[in-house]
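# Report on the structure
Chain residues, written in single-letter form:
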Amino acid sequence: MKRMITVLFILLPGMVVLAACSGSSGQTAVATQPAPTLPASAETAVAAQPTPMPPTWTPTSTATPLPAPAVMVLEPPTRTADTPTPEPLRMEGILYAGDFSDRNPLTGELVSDTAVLQRRPLAVKLSNAPATYTRPQSGLNDADWVFEHTTEGSLTRFTAIFYGKTPAKIGPVRSARLIDLELPAMFDAGLVFSGASAGVRQRLYASDFSNRLNEAGFGLYRTGETDRPLEHTLYANPVQLWAYMDNINQNRAPQFGTYLFFSETQPEGGTPARRINLNYQGTFVLWEYNAARGLYLRWSDGEVHADGNTLEQVYAANVVVIAPYHVEDPTVCEEILNGVCRHLSVQIQLWGSGTGAVFRDGQQYEVKWYREARNDMLTFTDLEGNPFPLKIGNTWVQLVPTWLQNPLRVEP
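All chains use their own residue numbering, which begins from 1 and follows the written sequence. Where totals are concerned, whole chains, interfaces and linings use all residues; where local detail is concerned, this predicted model gives features only for residues with pLDDT of at least 70, and gives and counts side-chain atom pairs only at 80 or more. Note: side-chain values were computed over all heavy atoms of the structure, leaving out hydrogens and water.

## A look at the confidence of the model for the protein
- pLDDT measures the predictor's confidence residue by residue and takes values from 0 up to 100. Scored by pLDDT, the protein has a mean of 85; 80% of the residues are at 70 or more.
- Confidence drops under pLDDT 50 across residues 1–69; counting only partners more than four residues distant or on other chains, this segment forms 184 contacts. Note on definitions: a residue-residue contact is assigned when non-hydrogen atoms from the two residues lie within 4.5 Å.

## Here's the deal with the pattern of salt bridges
- Salt bridges, as used here, are contacts in which a Lys or Arg side-chain nitrogen is within 4 Å of a carboxyl oxygen on Asp or Glu. By the definition in use, this model includes 21 salt bridges.
- Across the pair Arg293 and Glu312 runs a salt bridge, and its minimum N-O distance is 2.8 Å. Of the two residues, Arg293 is situated in the loop between strand E16 (284–290) and strand E17 (295–300) and Glu312 in the loop between strand E18 (303–304) and strand E19 (315–316); the sequence distance between them amounts to 19 residues.
- On the basis of relative accessibility, which here comes to 38%, the residue Arg293 falls in the partly exposed class.
- Relative accessibility under 20% of the residue-type maximum defines a buried residue, over 50% an exposed one, and the middle range a partly exposed one, all with a 1.4 Å probe and only protein chains included. Look at Glu312 and you get partly exposed, because its relative accessible area is 32%.
- Residues participating in the shared-partner salt-bridge network are Arg120, Asp188, Arg212 and Arg252. Numbering of helices and strands runs from the N terminus, with a helix taken as a DSSP run of H or I at least four residues long and a strand as a DSSP run of E at least two residues long.

## Digging into the packing of aromatic side chains
- Centres within 6.5 Å are what make two rings of Phe, Tyr or Trp a pair, Trp counting through its six-membered ring; a difference in plane orientation under 30 degrees is then read as stacked, over 60 as edge-to-face, and the rest as tilted. Scanning all chains against the criterion turns up 11 aromatic pairs.
- Taken together, a centroid distance of 5.0 Å and an interplanar angle of 45° make the contact between Tyr96 and Phe261 tilted. With a gap of 165 residues between them, Tyr96 in strand E5 (residues 95–96) and Phe261 in strand E13 (residues 261–263) connect regions that are remote in the sequence.
- Phe261 sits in the buried class, given a relative accessible area of 10%.
- Between Phe147 and Phe187, the aromatic rings sit 5.9 Å apart at their centres with planes inclined by 70°, giving edge-to-face as the arrangement. A residue pair is termed long-range when its members are at least 10 positions apart, and Phe147 in strand E7 (residues 145–150) and Phe187 in helix H2 (residues 183–187) qualify at 40 residues.
- By way of ring pairs, the aromatic residues Tyr96, Phe256, Tyr259 and Phe261 are connected into one cluster.
- Charge-over-ring placement is defined geometrically: NZ (Lys) or CZ (Arg) within 6 Å of the ring centre, and within 35 degrees of the ring normal. Seen from the ring of Trp242, Arg119 lies directly overhead, with NZ or CZ sitting 3.5 Å from the centre.

## Quick look at the state of the cysteines
- By definition, disulfides here are pairs of cysteine sulfur atoms that lie within 2.5 Å. On inspection of all chains with the given rule, the structure shows one disulfide.
- With its sulfur 2.2 Å from that of its partner, Cys333 forms a disulfide with Cys341. When the S-S torsion is 110°, as for the bridge of Cys333 with Cys341, the disulfide is right-handed.
- Among the residues examined, Cys333 registers a relative accessible area of 21% and is labelled partly exposed.
- Judged by relative accessible area, which is 34%, Cys341 ranks as partly exposed.

## A closer look at the environment of Tyr370
- Secondary-structure assignment places Tyr370 in strand E24 (residues 363–371).
- Note: C-alpha distance between Tyr370 and Trp351 (19 residues apart in sequence) is 6.9 Å.

## Digging into the pairing of E16
- In terms of burial, E16 is a largely internal element, five of the seven residues being buried.
- Strands were regarded as paired on the criterion that DSSP finds at least two bridges between them. Across five bridges, the pairing between strand E15 (residues 275–279) and E16 is antiparallel. Residue Ile276 lies in a different strand from E16, and its bridge partner there is Trp287.
- Counted along the chain from E15 to the antiparallel partner E16, the turn is four residues long, and its residue Gln281 has a positive phi close to 75°.
- Across six bridges, the pairing between E16 and E17 is antiparallel. Looking at the pairing, Val285 lines up with Ser300 of E17.
- Between E16 and E17, which pair antiparallel and follow one another directly, the connecting turn spans four residues, one of which, Gly294, has a positive phi of 70°.

Right, dumping it as structure tokens:
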């Protein structure tokens, strides 16, 4: 008896960085290519084996990158006051989050106290490496959205968006990256972080949300632990973070450029996806569908990934896998050793559109993602252009580097 393993290939591995000039928002502006795509999956039969608990990932050798199209660092588009926002297409059985005043527009969930929807979302930077000092991170299961992205080399870091729920604490809080020039704009959020490289910091303070930055300030504290490095001991009290937004007159209801679609029922057209394996080369992620809970549960590097506040395993109603262009910015260095830059900062070009995959209800769906203007959230359609609904609940976005080959493996 054999089972089928679905393998999704990403064939845009490398990058070429060309000359750049300074943009008006402090970012570096040059030409771009259309966003890369996640092609349709291929199937390979293998012999059935027992399911290990907890599941583990065996790293494979790094493939030789293919030549990549020329891609440059650029500034994302901006919607002006004269640019109309397209009217969304309503479909039967699908909730459009912009139509409701008693639902969290980021999760589609009904809220018992609508006052929480009048506060500004918070984008909090969380470390994910090394595992010994950073896991279990506190607050992950209370985040509405979490974005996992590469930092330098093969390690990953998170930006978590908090809006509808208030965890006991959030952390450990770490330094920002270039992706954090985009996410606060998408969610009209305040950014909470602990420092940044000189180039990233300069751009953050020149950004259109510079008036709502919280750089290791009010609401953040050291735990006093001595058994791990100091940089992994910074945590946040979210009640005080929102109080800080009040103090600087920035705590108001968000104004989103676009809204999401949600549904309680499973869409048609999916293919079975019990396990989602992601190989960042230095970080190995596994999501496994739990039918009893209707959620995907997370393992990292072969171990259960838990929320430090509750020790409950990290879960997601939706797992989104997309591969926007990843470009090393020649003007921003993240690590200098003996006067030589060892790692350039990576710009993740999370705008425009591209294809990807949404996993919900144990199914994989090929979708097209969009972010046409700076203040737009990610939205999704099927490949025919019809709105694609997320499952009501939280969402994790796996931002896959374009220099990796075959980083995603899906098991039915």
